[in-house]
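Listed below, chain by chain, are the residues.
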Amino acid sequence: MKLFFFFSLLVFFLYFSSSTARGPLHSSLPSGIRNGSRISFSDSVRRQLFQDKQSKLSDDRAKGYMTNSDLEKAVKEFGRRCSNISRIYSIGKSVHGVPLWVIEISDMPGEEEPEPAFKFVGNVHGDEPVGRELLLHLANWICDNYMKDSLARLIVENIHLHILPSMNPDGYFLRRRGNANNIDLNRDFPDQFFPVNNDINARQPETRAVMNWLREMQFAASASLHGGALVANYPWDGTEDKRRNYYACPDDDTFRFMASIYSHSHHNMSLSKEFPGGITNGAFWYPIYGGMQDWNYIHAGCFELTLEISDNKWPNANELPTLWEYNKMSLLNLAASLVKTGIHGRIFSSDSGMPLPGSVTIKGINYTVKAGKGFADYHRLLAPGERYEGMFIYRCVPNIRIKL
């Protein structure tokens, strides 16, 4: 059975940005492909990294950063300190057996609700540790402020926020980009254009952990944190012909809107001279294959951005407080956007009140968002300011009620 509906999105965001900032924070490492975290490799190299061509960072650079042991202690301490709004769990282990810890923040952690879920993933590349530090700052800031700050309270009461500070703890320990097997985890996911990663047995445990995570839990949106540039990147990341050009996904307008939320809320990302507005289509920057971002959108129904949050991949630790202040409102506003725009509701029987399986499609956008299994709740992100024609698709059952 199909049901058509019309609606307008007229939600506008207030962007939090500074008009005083000009240029990158770290001029010694300019933004771009060479120093960026999205280094592209030829098909012959694929996921494997040439270790002799990587500059292994000295232990001195890591001073002031959390070790993997420190991170685990910080995560568990957060769980004890903020137990009323959090849950700590692991989605798996790295090659060397390090747990991949996740912090869930919600007023009902661990409980299934008809609310959208958002995830942040840090430290995908081992030599880009700023994200893991900032994500712990984010969790603690929300815990300390949700009773007195309206934005923090909105996130706690209306979103299930999941934070994976480090996807690649082995790479961090080894001070290199790849994991313990020297595999670039952001080239290890199945790709829509090329079968380079179709061998399940060759897939890394960290990659499998994330993929299984999304099979078990439905996320509406997501962002991974990287370093080496200052830009919010959105799909598609690759092109069918391997050429560098703008390759838009079906939800290009929505992704541009999401990326702009981050860049305009940032201290100076939107002022970039290299990336207009501080955002970029991944394939237009340069194509990559096997990335986590596109896999999320295609296979998990999750709208994911790749956030390059510092020009320097591994800045001195004394710069972390400044980087936190530069990114704080961006992180908060991006998560909050999940409930500030789009369409949200449930599909259920008006007779029994039981949830019914269904999905939502929008005319002119070749993409389907499935309703959740438990409550049949749907959370369809859309760029505001437009009028959309949508359609619900569900099993042919009498007395269906759609709650918007």
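Here is what the cut-offs are and how they apply
Residues numbered from 1 in each chain as written. Predicted model: local features only at pLDDT ≥ 70, side-chain atom pairs only at ≥ 80, totals over all residues. Heavy atoms only, no water. Helix = DSSP H or I, 4+ residues; strand = E, 2+ residues; numbered from the N terminus. Buried < 20%, exposed > 50% of the residue type's maximum accessible area, 1.4 Å probe, protein only. Contact = heavy atoms within 4.5 Å. Areas by Shrake-Rupley, 256 points an atom, 1.4 Å probe, with all protein chains shown as cover. Expected span 1.5 Å × (residues − 1). Core = buried A, V, L, I, M, F, W, Y, C linked by side-chain atoms within 4.5 Å. Axes fitted to C-alpha atoms, helices over the stretch in contact; angles between N-to-C directions. Parallel < 35°, antiparallel > 145°, perpendicular 65-115°, else oblique. Left-handed = near helix turned anticlockwise from the far one by under 90°. Disulfide = S-S within 2.5 Å. Phe/Tyr/Trp six-rings, centres within 6.5 Å; stacked < 30°, edge-to-face > 60°. Lys NZ or Arg CZ within 6 Å of the ring centre and 35° of its normal. Pairing = 2+ DSSP bridges.

- The name that an unreviewed UniProt entry assigns to the chain is carboxypeptidase D, with the source organism given as Salix viminalis.

### Things to note about the overall build of the chain
Right, so step 1: Helices and strands together make up the secondary structure of the chain, namely nine helices and 15 strands.
Right, so step 2: Across the 404 residues that make up the chain, the buried fraction comes to 57%.
Right, so step 3: Long-range pairs, those at least 24 residues apart, make up 79% of the contacts in the chain between residues at least 6 apart in sequence.
Right, so step 4: When the accessible area of the chain is evaluated, it comes to approximately 17200 Å², of which 51% is carbon and sulfur surface.

### Quick look at helix H5 (residues 205-216)
Right, so step 1: Spanning twelve residues, H5 covers 16 Å between terminal C-alpha atoms, matching the ideal 16 Å at 1.5 Å per step.
Right, so step 2: Where H5 is concerned, the buried positions are Glu206, Thr207, Ala209, Val210, Met211, Trp213 and Leu214.
Right, so step 3: Against strand S2 (86-93), strand S3 (99-105), strand S4 (117-121), strand S5 (160-164), helix H4 (169-174) and helix H8 (292-299) lie the buried residues of H5.

### Here we look at the nonpolar core
The tendency in soluble globular proteins is for nonpolar side chains to be buried as a group.
Right, so step 1: Of all hydrophobic cores here, the largest spans 80 residues; its most connected members are Ile105, Phe118 and Phe120.
Right, so step 2: In this view, Phe120 contacts Leu135, Leu138, Leu161, His162, Ile163, Leu164, Ala223, Leu225, Leu331, Leu334 and Ala335; residues no more than four positions away in its chain are not counted.
Right, so step 3: With 21 residues, the next largest nonpolar core counts Leu100, Val124, Leu164 and Trp213 among its residues.

### Considerations on the packing of helix H1 (residues 68-81) against helix H2 (residues 130-145)
Right, so step 1: Between H1 and H2, the shortest axis-to-axis distance is 11 Å and the interhelical angle comes to 15°. In terms of axis orientation, H1 runs roughly parallel to H2. The handedness of the crossing between H1 and H2 comes out as left-handed. On H2, the residues that touch Asn68, Leu71, Ala74, Val75, Phe78 and Arg81 of H1 are Arg132, Leu136, Ala139, Asn140, Cys143 and Asp144.

### Describing the state of the cysteines
Right, so step 1: Under the definition given, this model contains one disulfide.
Right, so step 2: Two residues, Cys82 and Cys143, share a disulfide whose sulfurs are 2.0 Å apart. Between Cys82 and Cys143 the disulfide shows an S-S torsion of about -100°. By sign, it is left-handed. Linking Cys82 in the loop between H1 and S2 with Cys143 in helix H2, this pair joins segments that are 61 residues apart in sequence. Across this residue pair, the class does not change: Cys82 and Cys143 are buried.

### Some words on helix H6 (residues 252-265)
Right, so step 1: The end-to-end C-alpha separation of H6 is 20 Å, in line with the 20 Å expected for 14 residues at 1.5 Å each.
Right, so step 2: Of the positions making up H6, those classed as buried are Asp252, Thr254, Phe255, Phe257, Met258, Ala259, Ser260, Ile261, Tyr262, Ser263 and Ser265.
Right, so step 3: If you follow the buried residues of H6, they end up packed against strand S6 (221-226), strand S7 (229-234), strand S8 (279-281), H8, strand S9 (303-310) and helix H9 (320-340).

### Re the packing of aromatic side chains
For any pair of aromatic rings, the description consists of the separation of the ring centres together with the inter-plane angle of the planes.
Right, so step 1: As enumerated under the stated definition, the model contains 19 aromatic pairs in all.
Right, so step 2: For the pair Phe189 and Trp295, a centre-to-centre distance of 5.6 Å together with 45° between the ring planes defines the contact as tilted. Taken as a pair, Phe189 in the loop between H4 and H5 and Trp295 in helix H8 lie far apart in primary sequence, 106 residues in all. Both residues of the pair, Phe189 and Trp295, belong to the buried class.
Right, so step 3: Geometry around Tyr172 places Arg132 over its ring, the cationic atom sitting 3.7 Å from the centre.
Right, so step 4: The ring of Phe194 is capped by Lys242, whose NZ or CZ atom sits 4.9 Å from the centre of that ring.

### Observations concerning the pairing of S9
Right, so step 1: Across the eight residues of S9, eight count as buried, placing the element largely inside the fold.
Right, so step 2: In terms of strand pairing, S6 meets S9 through six bridges, oriented parallel. Bridge pairing in S9 links His226 to Glu308.
Right, so step 3: Relative to S9, S7 runs antiparallel, the two being bridged by five bridges. Bridge pairing links Ala229 to Ser310 in S9.

### Thoughts on the sheet that holds S4
Right, so step 1: With respect to topology, eight strands assemble into an open sheet ordered S2-S3-S5-S4-S6-S9-S7-S8, the strand pairing being mixed. In this open sheet, the two edge strands, each paired with only one partner strand, are S2 and S8. For this sheet, the mean angle separating the axes of adjacent strands, direction not counted, is 25°.
Right, so step 2: With five bridges joining them, S4 and S5 adopt parallel strand pairing. In the strand pairing of S5, Phe120 is matched with Ile163.
Right, so step 3: Against the sheet, H1 contacts S2 and S3, and its axis sits at roughly 30° relative to S3.
Right, so step 4: In this fold H2 packs onto S3, S4, S5, S6 and S9, with an angle of close to 145° to the strand it touches most, S5.

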